[in-house]
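Fold and geometry: a report
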Amino acid sequence: MQQFYARQMRLLDERRAEEWARTFTEDGVFAQNIAPEPLRGRDAVAAAVRRNLERTADTPEQRRHVFSMLTVVPGPDGSLSTRCYAQVLVTPAGGPARLHLSAVCEDELVPHGDGWLVRHRRVEHDGV
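Worth saying up front: this structure is predicted, and the values here are computed from it rather than measured. (Residues numbered from 1 in each chain as written. Predicted model: local features only at pLDDT ≥ 70, side-chain atom pairs only at ≥ 80, totals over all residues. Heavy atoms only, no water.)

As for the environment of Trp 20
Operational definition: Strands are runs of DSSP state E lasting at least two residues, helices are runs of H or I lasting at least four, and both sets are numbered from the N terminus onward. With a 1.4 Å probe rolled over the protein chains alone, any residue whose accessible area is under 20% of its type maximum counts as buried; one over 50% counts as exposed, and the rest are partly exposed. Only heavy atoms enter the contact rule, under which two residues are in contact if any of them lie within 4.5 Å.
Within the secondary structure layout, Trp 20 lies in helix 2 (residues 17–21). Its relative accessible area of 4% is what places Trp 20 among the buried residues. On a C-alpha basis, the gap between Trp 20 and Ala 48 in space is 11 Å, while along the polypeptide they are 28 residues apart. Ignoring sequence-local partners within four residues, the contact set of Trp 20 consists of Gln 8, Met 9, Leu 11, Leu 12, Phe 30, Val 45, Val 49 and Arg 121.

Structure (structure tokens):
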């Protein structure tokens, strides 16, 4: 699981929106407590990530998504329920890193080939 999340978050940090979205099922859901409605479907997830990356494209900073304190519970159907802390660190050019956000991420993962896909993700941002 740690390898899955390391790969998934690296794709996001490297601004590879389409590849990141392909870590979700076709009908995958991405919900956040800061959004009025969840994103439904891989295409909607990819479009939202592309918009966010375009919005920050001219910002001279590096973002790093860090998942930690991971717990994994197997489901009876072969799925996995995971829970972890998620932090986003931002480092501006020539400056120190700062914590951009802190959240709890809960996923439902389903087997796919020799790996996993996110069927449902819920991100609860701290302080909201």
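Quick word on the sheet that holds strand 5 (residues 98–112)
Convention followed: Strands qualify as paired when DSSP identifies two bridges or more between them. Helix axes are fitted to C-alpha atoms over the stretch in contact, other axes to C-alpha atoms as well, and angles between N-to-C directions run from 0 to 180 degrees.
Judged by pairing direction, the sheet is mixed, and its 6 strands sit side by side in the order 2-1-6-5-4-3 without closing on themselves. The open sheet has two free edges, formed respectively by strand 2 (39–40) and strand 3 (61–74), since each of these has just one partner strand. Pairing geometry for strand 1 (residues 24–32) and strand 2, over 2 bridges, is antiparallel. Each bridged residue has a counterpart across the sheet, and for Val 29 the counterpart in strand 2 is Arg 40. Strands strand 1, strand 3, strand 4 (80–92), strand 5 and strand 6 (115–125) of the sheet are contacted by helix 1 (residues 2–13), whose axis makes an angle of about 155° with strand 3.

Brief notes about the UniProt feature "domain: SnoaL-like" (unreviewed entry) in the protein
Basically, it comes down to this: UniProt positions are given in the numbering used here, feature names are shortened, and annotations may be inferred rather than shown by experiment.
Feature annotation in UniProt assigns "domain: SnoaL-like" (unreviewed entry) to the following positions: residues 2–122. Spanning residues 2–122, this segment combines 26% helix with 50% strand, and its end C-alpha atoms are found 18 Å apart.

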